[in-house]
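Spelled out from the first residue to the last, the chains are:
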Amino acid sequence: MTPGREAEVDEPAGSLTTSRRPRADYRTDLVTVLLGTWFSIGLFLDAWAHSNVPELESFFTPWHAVFYSGFAATGAWILWVLWRNHQQGLRGLDAVPVGYGPAVVALPLFAAAGVGDYLWHTFIGIEQGIDILFSPTHLVLITSMVLILTAPLRTLWSDRDVVSPSLKRFLPAGLALSFTTSLVLLFAGYADATVFTGEQVIRAFSFEKGANGIGRAAELAASVMVTNLIMIVPLLLAVRRFRLPFGAATLLAFVVMLLSTAVADYENISTAIGFIVSGVLIDVLVLKLRPSEDRVKEYRIFAGAASFATWAVFFATAIIDQGTTPSVTEMWTGAPVMAALHAVLMAVVLVPTARR
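Residues numbered from 1 in each chain as written. Predicted model: local features only at pLDDT ≥ 70, side-chain atom pairs only at ≥ 80, totals over all residues. Heavy atoms only, no water.

Tallying secondary structure elements over the protein chain gives 12 helices and zero strands in all. Put simply, of all contacts in the protein chain between residues at least 6 apart along the chain, 78% involve residues at least 24 apart. Summed over its atoms, the accessible surface of the protein chain is roughly 16300 Å², and 66% of this surface lies on carbon and sulfur atoms. (Helix = DSSP H or I, 4+ residues; strand = E, 2+ residues; numbered from the N terminus. Contact = heavy atoms within 4.5 Å. Areas by Shrake-Rupley, 256 points an atom, 1.4 Å probe, with all protein chains shown as cover.)

Structure representation (structure tokens):
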């Protein structure tokens, strides 16, 4: 759809006007998400630096340069889209493409948070541990990033003519969903199971039964549950709205693990491979079950099966990588079941009954 083409929007009863707001075309959404990828990668580089560069003492770093230049490019592009629509005769809010409103609001929010982040680092210091995930300026930055990155997803979501998009048609929305999931997981880094290596997985679930020094086992168990919800909820939302093309779940897993391995300093490669394999399995489940809000039984089966497959492969990968199983059988056999139950519960919450 061309930028000037009007989107179909339901009007309140008695309304005498029709919205002239355009719907962004495929190229616009693709450029938006690719530029968003630029500053998302910058954020992950910065997170890596905070965790792996102990002498980091300045706000002015190469990683911040990638991060903020990516934002500048993305912001300039969105503003140009507004100007282009303005030149075509659209005025005020009518110049804002459907789905891009939150992104437009987020641009000044991000800029203000960037200035605040500079002042925070100048007067309070540079975080180098878990405190980076709780910095108020960082939380505002991540919130505004999510609003900007998800613009292509909102564009496709609002187009009710699109139910079964091809992988190419879904790509901008799929990348937006994937990078947003990665950002949420990054800020839950204290409970991120994707950064565990095979050796760490085996050791964590090999504690002596009956001992109180569970230590790393509790951390891994909690991380599996938190990571499972962060990974499965975007998929449950997507299959509720779309008949996902084959490859969408693999794309999500690939993007999440591409950035996760960078944060883990590339020590979790075997874990990354396992998640990508589970992404392919989830794509097969989507193809076979065709879950949707109209097919509640299949929707719930998909939720449980997708989560079970993800974590069964997670532990299988660690076992293959290390050539041994964790000594506490209940933990590594029960964790995939627990994750599946959590996913089914989320499916019930998201779609409590079939759409009438």
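There is more to say after this.
Another aspect to go through is the packing of helix α6 (residues 167-186) against helix α8 (residues 216-241). Packing of α6 against α8 leaves a shortest axis separation of 10 Å and a crossing angle of 155 degrees. Classified by the angle between their axes, α6 and α8 sit roughly antiparallel to one another. Of the two possible hands of crossing, α6 and α8 adopt the one that is right-handed. Facing α6, whose interface residues are Leu177, Thr181, Val184 and Leu185, α8 presents Thr227, Ile230, Met231, Pro234 and Ala238. The residue makeup of the contact of α6 with α8, split by class, is seven nonpolar, two polar and no charged. (Axes fitted to C-alpha atoms, helices over the stretch in contact; angles between N-to-C directions. Parallel < 35°, antiparallel > 145°, perpendicular 65-115°, else oblique. Left-handed = near helix turned anticlockwise from the far one by under 90°. Nonpolar A, V, L, I, M, F, W, Y, C, P; charged D, E, K, R; others polar.)

With that settled, consider empty space enclosed by the protein. With the rule as written, the count across this model stands at two cavities of 30 Å³ or more. One number sums up the size of the largest cavity: a volume of about 120 Å³. In terms of lining, the largest cavity is formed by 15 residues, of which the most central are Met231, Leu235, Ser278, Ile282 and Thr310. For the lining of the largest cavity, the secondary structure elements donating two or more residues are α8, α9 (248-263), α10 (269-289) and α11 (296-322). For the lining of the largest cavity, a count of residues per class yields 10 nonpolar, five polar and no charged. Lining the second largest cavity are Phe170, Gly174, Leu177, Ser178, Leu235, Ala238, Leu244, Ala248 and Leu252. When contributions to the lining of the second largest cavity are tallied by element, the ones reaching two or more residues are α6, α8 and α9. Residue contributions to the lining of the second largest cavity peak at four residues, all from α6. (1 Å grid on protein atoms, 1.4 Å probe; cavity = no way out; pocket = protein on both sides within 12 Å on 5 of 7 lines; lining within 4 Å. Points joined across faces, edges and corners; volume = space filled by probe spheres on them.)

On to the pattern of salt bridges. This structure, assessed with the given rule, holds three salt bridges. With a shortest N-O distance of 2.9 Å, Arg203 and Glu199 are connected by a salt bridge. In this pair, Arg203 and Glu199 both sit in helix α7 (residues 198-204), four residues apart, roughly one turn of the helix. For Arg203, a relative accessible area of 62% puts it in the exposed group. What makes Glu199 partly exposed here is its relative accessible area of 36%. Measuring nitrogen to oxygen at the nearest pair gives 2.8 Å for the salt bridge that ties Arg216 to Glu219. Of this pair, Arg216 and Glu219 both sit in helix α8, three residues apart, which is roughly one turn of that helix. Accessibility expressed as a relative area gives 33% for Arg216, which makes it partly exposed. (Salt bridge = Lys/Arg side-chain N within 4 Å of Asp/Glu carboxyl O. Buried < 20%, exposed > 50% of the residue type's maximum accessible area, 1.4 Å probe, protein only.)

By size, the foremost hydrophobic cluster in this structure holds 91 residues, and its most contacted members are Leu220, Leu244 and Phe314. Broken down by element, this core gets its largest block of residues, 11 residues, from α8. Among all residues touching Phe314, those that are not within four sequence positions of it are Ala193, Val201, Leu220, Val224, Thr271 and Phe275. (Core = buried A, V, L, I, M, F, W, Y, C linked by side-chain atoms within 4.5 Å.)

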